Amino acid sequence: MSMTKPIRCCRDSLQRIITANINANVDGSVSSHATRNKYANGLHKIVRDLETLGFKLPDAKNLKGKHIVALGKHYEQQTIAGKLKPATIQGKFSMLRVFAHWIGKDGMVEATHKYVDLALVQRSSICAYDHSWAAQGIDVIAKLDEISQKDARVGLQLRLELESGLRSKEAMMLRPYLADKGSYLDVSVGTKGGRPRVVGINTLEQKALIEQAKTYAATKDSSTSDPNRSLAQWKNHYYYVLRSCGITRKNGFTAHGLRHTYAHNRYKELSGQDSPVRGGKLVNREDDRAARLQVADELGHSRESITTHYLGRGDGKDKDK
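Our next topic: the nonpolar core. Buried together is how nonpolar side chains tend to be arranged in soluble globular proteins. Formed by 31 residues in total, the largest nonpolar core has its most connected members in Leu63, Phe93 and Phe99. Those elements that place two or more of their residues in this core are helix 1 (4-21), helix 2 (33-52), helix 3 (65-80) and helix 4 (86-102). Counting residues per element, this core draws most heavily on helix 4, at eight residues. Non-local contacts of phenylalanine 93, meaning those with residues more than four positions away in its chain, are made with Ile68, Gly72, Tyr75, Val109, Thr112, Tyr115 and Val116. Of all hydrophobic cores here, the second largest spans 23 residues; its members include Leu156, Ala171, Ala213 and Leu311.

Below is the structure:
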């Protein structure tokens, strides 16, 4: 009873503080419904983390520096164990800073790297290594053949990801008859953020693959997925097949690695050099930027900078033409 009461009091006081402050952001603007839910759920989770660590606060206002230090060590261990991502840790500390402001303790929560190893929490948009399957020691053709034997549709969709840089969902929802525009593929269904794009059909392999995809579409309005399954059911099946063939994050590679392969191949075609992460020679800035913009557009991104996630970045020096 003595342990239950402090926990209950802490959670009740936490909720009162949240209710009194959650509608307004620190800058005075009004919080969205999603933001309010995110902070309420996140702060309650942090209090539960403290309880797990043995801290039974009688009141949420009793939060102190030693509690932040303990949370930092806890989150660091979880990150090392692969249970938390750097972005999640940064988000937790951001919430703690806001909460400290609410209870009149501005400055109590310092920069995240004060509590957690900087190498674990520092997020970089620059790819440090080649994520493609071949770079992970995978025989791409043999692996795709293995998957196709398990399920030909899944194998086809993975090949679409490889040859045209489609996301998994885009490949699942692609309607090949409608998407095939002769010289390019109209990718407009299942795209991230609903952003349509054009991917050139530049090779005989691409053209043959699109024709093959049509044989899997029951009608001209149909997608490449099994018509007897809903999209959710197909996604579950798709990832089941991948797991059964060893394609898991735990094993070091995912379907997304095929998009990486497409990005590397296209960058080389456009710039004449391998990507920086593959050790390619420096390309002059103008040509590098033009190639990156094209790759970004074909992958369905609006910013050239996103290509650093796939290609890495050179040292930024100009190279004479």
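Text resumes after the structure shown.
This paragraph deals with the confidence of the model for the protein. Looking at the protein as a whole, the pLDDT averages 87, with 89% of positions reaching at least 70. Under a pLDDT of 50 for its full length, residues 316-321 has, in the predicted model, 11 contacts with residues more than four places off or in other chains.

Turning to the pattern of salt bridges, a few remarks are in order. Within the structure shown, the criterion is met by 17 salt bridges. Between arginine 197 and glutamate 170 there is a salt bridge, and its shortest N-O distance comes to 2.7 Å. Highlighted residues: arginine 197 in strand 2 (residues 197-200) and glutamate 170 in helix 8 (residues 168-173), separated in sequence by 27 residues. A relative accessible area of 4% places arginine 197 in the buried class. Here glutamate 298 and arginine 266 are joined by a salt bridge, their closest N and O atoms 2.7 Å apart. Taken as a pair, glutamate 298 in helix 13 (residues 285-299) and arginine 266 in helix 12 (residues 256-271) lie far apart in primary sequence, 32 residues in all.

To continue, consider helix 4. Helix length check: helix 4 (17 residues) gives 25 Å between terminal C-alpha atoms against 24 Å at 1.5 Å per residue, within 8%. Taken together, the buried positions of helix 4 are Ile89, Lys92, Phe93, Met95, Leu96, Val98, Phe99, Ala100 and Trp102. Directly after helix 4, the chain includes glycine 104, whose backbone phi takes a positive value near 75°.

Because each turn of an α-helix spans 3.6 residues, side chains separated by three or four positions end up pointing in the same direction. Spanning 16 residues, helix 3 covers 23 Å between terminal C-alpha atoms, matching the ideal 22 Å at 1.5 Å per step. Of the positions making up helix 3, those classed as buried are His67, Ile68, Ala70, Leu71, Gly72, His74, Tyr75 and Thr79. One or two steps after helix 3, the chain reaches glycine 82, where phi turns positive at roughly 80°.

The rules behind the values
- Residues numbered from 1 in each chain as written.
- Predicted model: local features only at pLDDT ≥ 70, side-chain atom pairs only at ≥ 80, totals over all residues.
- Heavy atoms only, no water.
- Core = buried A, V, L, I, M, F, W, Y, C linked by side-chain atoms within 4.5 Å.
- Buried < 20%, exposed > 50% of the residue type's maximum accessible area, 1.4 Å probe, protein only.
- Helix = DSSP H or I, 4+ residues; strand = E, 2+ residues; numbered from the N terminus.
- Contact = heavy atoms within 4.5 Å.
- pLDDT = per-residue confidence, 0-100.
- Salt bridge = Lys/Arg side-chain N within 4 Å of Asp/Glu carboxyl O.
- Expected span 1.5 Å × (residues − 1).

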